[in-house]
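So you can see what is in the structure, the chains are spelled out below.
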Amino acid sequence: MSRFEYAPAPESRSIVKLQPSYGLFINGEFTDGAGSFKTISPASEEVLAEVAEASSADVDRAVQAARRAYEDVWGPMPGRERAKYLFRIARIIAERSRELAVLESLNNGKPIKESRDVDVPLSAAHFFYYAGWADKLPYAGFGADPRPLGVAGQVIPWNFPLLMLAWKIAPALAAGNTVVLKPAETTPLSALLFAEICQQAELPPGVVNIVTGAGETGAALVNHPDVDKVAFTGSTEVGRIIARAVAGTKKKVTLELGGKAANIVFDDAAIDQAVEGIVNGIFFNQGHVCCAGSRLLVQESVADQLLESLKRRMATLRVGDPLDKNTDIGAINSAEQLSRIKALAEIGASEGAERWSPACELPERGFWFAPTIFTGVSQAHRIAREEIFGPVLSVLTFRTPAEAVEKANNTPYGLSAGIWSEKGSRILAIADQLRAGVVWANTFNKFDPTSPFGGYKESGYGREGGRHGLEAYLAQ
Amino acid sequence: MTATISPLSEVTRSDAALRTFLHGLPGVDRVGADARAAGLGTRSIKTTAKAWAIDLAIRMVDLTTLEGADTPGKVRALCAKARRPDPADPSCPPVAAICVYPSMVPTAAEALRGSGIHLASVATAFPSGQAPLKVKLDDTRAAVAAGADEIDMVISRGAFLAGRYLEVFEEITAIKEACGKAHLKVILETGELVTYDNVRRASWLAMLAGGDFIKTSTGKVSPAATLPVTLIMLEAVRDFLDTTGRKVGVKPAGGIRTTKDAIKYLVMVNEIAGDGWLDPDWFRFGASTLLNDLLMQRTKLATGHYSGPDYFTLD
């Protein structure tokens, strides 16, 4: 224990006014759903609210509302008018950023410093960015008069509830589509607060509809015959089901799925900054990041030194109350995810990899997993192949650049990769050979609305963000 | 104690060997280092932690006056303040040291006698360091003879930037010898070294040459101390201890004016070098106005309200 004990510094919850129950947001109003379910704080298992569960009839109402709004209001509206609404939404997100950050941390379990400094500002930035495109679509490179697709059915994951909503809704609306969005079952609250923001922005009814629920609600949305476009972010397993469901229909589809990114550290890397990048790559958001750097490939000649530095750094990570401003690692989002992480970690140990975690005290209630690294991992180990989606890093070594590339690409996924080297020519040469949608050099997990994001191979298809992100919502 | 440490004694045998060693240290990525320092700056230090940090910061202050306008009277007043920073509150700890020009050392030595407060003198043609070695050595010996037990020297930035590392090394070694028992703080003047790679190399060079402390700045060049530069230096002393077994202190100086800033530095010490450096023997603040803000925040924490700046002495 350090002599410098940081006293608790909790962000106040009082800025968020939780309602006892939330309805579905359809046609600009909150309405009852067929059923309901409880949503909790994963850090304490406290029930936060009762949330409506949308049946297929509810989904149908939402799609109909979106269709009407598309036909009557949003589709015909000039881009410069649509832009005004998007700018307004962006401003309101920025104005209500603290409220959104606290709510996000409460419902998701992520540290307030991440929701405050990353999720919410990036969400606002996404709306600002696509607001700028709304009246410039003929110049986006998709034909002289690109048209919207119609009604988009969007299903998003629980790891970045508000940010993934922004990634989906902002380009769809900028291009002139209307949307029905289903947030993840475990993290519906920030999407429902976003619904309030749509009301506050006086967005025409039906342009954005939010239907809460679990897998069945999502399936009802994806399979609805009047949906023109399906956008999904989540597991590769569910992505396959969706791809099958839309095959042979008129629906366009984009999928952003799993990953098992290689973070490659060469012997000439700036070691201290590489350690930060490794920590950020795998422990950011408890490792619940599809592009997480979950495989560390380190050149053998610096492996011992790097691992020693990494362990020393991991010992300073503060795991605990997500609302404490000094927390680095928050709660695992759900009991289900925690058991999956635990199971894969057990497999890692039983397959012979060496497991290490810093000494850290985990809270009694809630879902927690200490930051963990496995050394002595080989390509054949399951923890080197399967997406764990938790704070678990598999460490492998390599001797030559060619071996690094071979190992990095030897995965069914291809979402992201990282390269650490002080030699610019090497970075460019390696980046050229990596089969990953995003390659970061001397940084990791950096996001910007102007930059496209998406995967190779089983990490999905289509791009989100940047000019490229418009393509998914336009007919040429 | 010998100036060079056995595991690395080979590297200072020639200019070429020293250059190879210093240029073989891992590089520093500026963007990443800045981001890390900024990230640590968002730590929220409240209540009991804040009170503890403020008292520690007061105990780490090298209360400094390095002005042409310094007078014996001003130095005596500063020494009185060093002993009892807050005359209204006897529980307030004294500062670590007084830091003055060599000409003021006799006055300060007299005023600090028996207090246990260290007396630091800048030397070696401070702040430029642009003088022959013989002058620098005489400057150092005179300050020590007059009663200074800590010497803050400046390195020859010209020689360092020109790549004459062995010359800088030998100069520091000679001054260390002239210091005798006095502790040697080596000022790198990071504002003139500019790159973080240079800061790391100069830190190692100063430590190899026997410096007891590495210090960022004279306070006469802008930028003076910054969080990222101090971060690089804290990494250097941490790694030097791991490699050689010898512990070296760090002193950021210049531009640290508020309690909030001071606490950011302490958080960085804690999380980069480790809590072994959270001690006035291993970490100092070179500052003059910082002390009053620390006192003001200390009173605020204890009483719940702010008193005006007029309630604290100017020097």
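What you see is a predicted model, and the numbers here were worked out from it, not measured in a lab.

### Some thoughts on the environment of A:Leu137
All names here are of chain A.
(1) Moving on: On the secondary structure map, Leu137 appears in the loop between α4 (112-133) and β6 (147-148).
(2) Moving on: What makes Leu137 buried here is the crowd of 23 C-beta atoms within 10 Å.
(3) Moving on: If we skip the residues at most four places from it in the chain, Leu137 touches Gly79, Pro146, Ala175 and Leu474.

### What to know about the pairing of strand β5 (residues 47-53) of chain A
Residue and element names in this part refer to chain A.
(1) Moving on: One ladder, built from 2 bridges, connects strand β1 (residues 21-22) with β5; its direction is parallel. The residue of β5 that forms the bridge with Tyr22 is Val51.
(2) Moving on: Here strand β4 (residues 35-40) pairs with β5 via 6 bridges, running antiparallel. The partner of Lys38 across the bridge, within β5, is Glu50.
(3) Moving on: Connecting β4 to the antiparallel partner β5 that follows it, the hairpin turn spans 6 residues, and Glu45 within it adopts a positive phi of roughly 65°.

### Some remarks on the domain arrangement of chain A
Residue and element names in this part refer to chain A.
(1) Moving on: What the domain assignment reports for chain A is domain 1 (21-257 + 456-475) and domain 2 (262-441).
(2) Moving on: Once you take the C-alpha centre of each, domain 1 and domain 2 turn out to be 30 Å apart.
(3) Moving on: Opposite the 21 residues of domain 1 that make contact, domain 2 presents 27 residues.
(4) Moving on: Those elements giving two or more residues to the side of domain 1 that touches domain 2 turn out to be α3 (97-108) and α4.
(5) Moving on: Grouping the amino acids of the side of domain 1 that touches domain 2 by side-chain chemistry returns 7 nonpolar, 7 polar and 7 charged.

### Some points on the UniProt feature "active site" (unreviewed entry) in chain A
Residue and element names in this part refer to chain A.
(1) Moving on: The UniProt entry lists Glu256 under the feature "active site" (unreviewed entry), expressed in the numbering used here.
(2) Moving on: Relative to the helices and strands, Glu256 resides in strand β11 (residues 252-256).
(3) Moving on: Since 28 C-beta atoms lie within 10 Å of it, Glu256 is described here as buried.
(4) Moving on: If near-sequence neighbours (up to four positions away) are discounted, Glu256 is found in contact with Thr233, Cys290, Gly454, Gly455, Gly460 and Glu464.

### Things to note about the sheet that holds strand β6 (residues 213-215) of chain B
Residues and elements named next belong to chain B.
(1) Moving on: What the 8 strands build is an open sheet, ordered β7-β6-β5-β4-β3-β2-β1-β8; its pairing is parallel. Of all the strands in the sheet, just β7 (249-251) and β8 (285-287) have a single pairing partner and so form its edges. Across the sheet, the mean angle from the axis of one strand to that of its neighbour is 25°, orientation sign disregarded.
(2) Moving on: Strand direction decides the pairing type here: strand β4 (residues 150-154) and strand β5 (residues 183-187), joined by 5 bridges, are parallel. Bridging across to β5, Met153 finds its partner in Val186.

### Here's the deal with the interface of chain A and chain B
(1) Moving on: Across the contact, 20 residues belong to chain A and 22 residues belong to chain B.
(2) Moving on: Residues of the side of chain A that touches chain B, tallied by class, amount to 6 nonpolar, 7 polar and 7 charged.

### Observations regarding the sheet that holds strand β15 (residues 372-375) of chain A
Residue and element names in this part refer to chain A.
(1) Moving on: The 7 strands lie next to each other as β14-β15-β16-β13-β12-β17-β18, forming an open sheet whose pairing is mixed. Both outer strands of the open sheet, β14 (354-356) and β18 (438-441), are each paired with one neighbouring strand and no more. Strand-to-strand twist in this sheet, taken as the mean axis angle between neighbours without regard to direction, amounts to 20°.
(2) Moving on: One ladder, built from 4 bridges, connects strand β12 (residues 262-265) with strand β17 (residues 416-420); its direction is parallel. Bridge pairing links Val265 to Trp420 in β17.
(3) Moving on: Running at roughly 130° to strand β13 (residues 295-299), helix α10 (residues 300-314) makes contact with β12, β13, β14, β15 and β16 (392-398) of the sheet.
(4) Moving on: Against the sheet, helix α11 (residues 335-350) engages β14, β15 and β16, with an angle of about 135° to β14.

### Remarks on the UniProt feature "domain: Aldehyde dehydrogenase" (unreviewed entry) in chain A
(1) Moving on: The feature "domain: Aldehyde dehydrogenase" (unreviewed entry), as annotated in UniProt, sits at residues 35-474 of chain A in this numbering.
(2) Moving on: Annotated as residues 35-474 of chain A, this span is 42% helix and 17% strand, and its ends, taken at the C-alpha atoms, are 35 Å apart.

### Some points on unusual backbone geometry
(1) Moving on: B:Pro127 follows B:Phe126 through a cis peptide bond whose omega is 0°.
(2) Moving on: Following the sequence through the fold, B:Pro127 ends up in the loop between β3 (118-122) and α6 (133-145).
(3) Moving on: Despite not being glycine, A:Glu202 shows a phi value in the positive range, around 55°.
(4) Moving on: Tracing the chain through its elements places A:Glu202 in the loop between α6 (189-200) and β9 (208-210).
(5) Moving on: For B:Thr47, which is not a glycine, the phi torsion comes out positive at approximately 45°.
(6) Moving on: With respect to the helices, strands and loops of the structure, B:Thr47 is situated in helix α3 (residues 47-59).
(7) Moving on: Take B:Thr47: there are 12 C-beta atoms within 10 Å of it, and that puts it in the exposed class.

### Describing helix α7 (residues 215-223) of chain A
(1) Moving on: Listing the buried residues of α7(A) in full gives A:Thr217, A:Gly218, A:Ala220, A:Leu221 and A:Val222.
(2) Moving on: Where α7(A) is buried, its residues contact β5, α1 (56-74), β7 (151-155), β8 (178-182), β10 (229-233) and α8 (236-246) of chain A.

Conventions we followed
- Residues numbered from 1 in each chain as written.
- Chains lettered and ligands numbered in written order.
- Predicted model: local features only at pLDDT ≥ 70, side-chain atom pairs only at ≥ 80, totals over all residues.
- Helix = DSSP H or I, 4+ residues; strand = E, 2+ residues; numbered from the N terminus.
- Buried ≥ 20, exposed ≤ 12 C-beta atoms within 10 Å, placed from the backbone.
- Contact = placed C-beta atoms within 7 Å.
- Pairing = 2+ DSSP bridges.
- Domains from an automatic or database assignment.
- Nonpolar A, V, L, I, M, F, W, Y, C, P; charged D, E, K, R; others polar.
- UniProt positions renumbered as here; feature names shortened; annotations may be inferred.
- Axes fitted to C-alpha atoms, helices over the stretch in contact; angles between N-to-C directions.

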